[in-house]
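# Descriptive structure summary
Here are the chains, one letter per residue:
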Amino acid sequence: EAQVTQNPRYLITVTGKKLTVTCSQNMNHEYMSWYRQDPGLGLRQIYYSMNVEVTDKGDVPEGYKVSRKEKRNFPLILESPSPNQTSLYFCASSVRQSNEKLFFGSGTQLSVL
Amino acid sequence: AQKITQTQPGMFVQEKEAVTLDCTYDTSDPSYGLFWYKQPSSGEMIFLIYQGSYDQQNATEGRYSLNFQKARKSANLVISASQLGDSAMYFCAMREAPSRQGGKLIFGQGTELSVKP
């Protein structure tokens, strides 16, 4: 089954404790991206990757890191989480063309205390 | 600037009736994709329907259809024969050209649909 797998689904952590949210897709997609969703602000792109070893900043990259060592994986790293990073996070992937739909993971609800 | 506008924060519809969710967009790109996603209370983002800017016919997917009026820059979602399981948040989104941040999705603010039994 074609899917984007995100883990964990829920995460509660404390300020400053490094964490990684994993994302993996099995569709051989070139394009992968991370979004965060916040009430009143909608969904905003954090980082994206056009292919292996190619990553770039989205609209709200501060406080986040990503890597794309393999085509299928695109982890989101919070080196020193802060409470303002409490949010619902989505990983998404697609083939590269702009008219192709994005497949979304099931989301990660992160709470930073 | 590229933008998606959904003017209906919340809507109610009676079960088995049809409902239209409004979406207008603004872009200077000649090529773009328009999407509707459903987000139930469980939080996942479910793809519903897609319309390409060069598509001549309106897209349909089962009970979902997209009323695409290019000159008016509108892409309204029509849900026929509403079901209780349709109660959710609905997002209209536009995918930009790959040159714009890899072709990111721009989302509207969403419309919360409640289906009454």
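Details of the structure are given in the entry above.
Just so it is clear, the structure is predicted and the values come from calculations on it, not from any experiment.

Turning our attention to the overall build of chain B. Counting its secondary structure elements, chain B contains zero helices and twelve strands. Listed N to C, the secondary structure of chain B is β-β-β-β-β-β-β-β-β-β-β-β in terms of helices and strands. Over its C-alpha atoms chain B spans a radius of gyration of 14 Å, differing by no more than 12% from the 13 Å that the globule rule assigns to 117 residues. Counting only residues that meet the buried cut, chain B has 50% of its 117 residues in that class. Put simply, of all contacts in chain B between residues at least 6 apart along the chain, 54% involve residues at least 24 apart.

So, about unusual backbone geometry. Following Asn7(A), the chain continues into Pro8(A) via a peptide bond in cis, with omega recorded as 0°. Structurally, the position occupied by Pro8(A) is in the loop between strand E1 (4–7) and strand E2 (10–13). Here the phi dihedral of Glu53(A) falls at roughly 65°; this positive angle occurs in a residue that is not glycine. With respect to the element layout, Glu53(A) can be found in the loop between strand E5 (42–51) and strand E6 (54–57). Phi is positive for Lys16(B), close to 80°, though the residue is something other than glycine.

Definitions and limits used
Residues numbered from 1 in each chain as written. Chains lettered and ligands numbered in written order. Predicted model: local features only at pLDDT ≥ 70, side-chain atom pairs only at ≥ 80, totals over all residues. Heavy atoms only, no water. Helix = DSSP H or I, 4+ residues; strand = E, 2+ residues; numbered from the N terminus. Rg over C-alpha atoms; globule rule 2.2 N^0.38 Å. Buried < 20%, exposed > 50% of the residue type's maximum accessible area, 1.4 Å probe, protein only. Contact = heavy atoms within 4.5 Å.

Function cannot be read off these values alone, since they describe shape.
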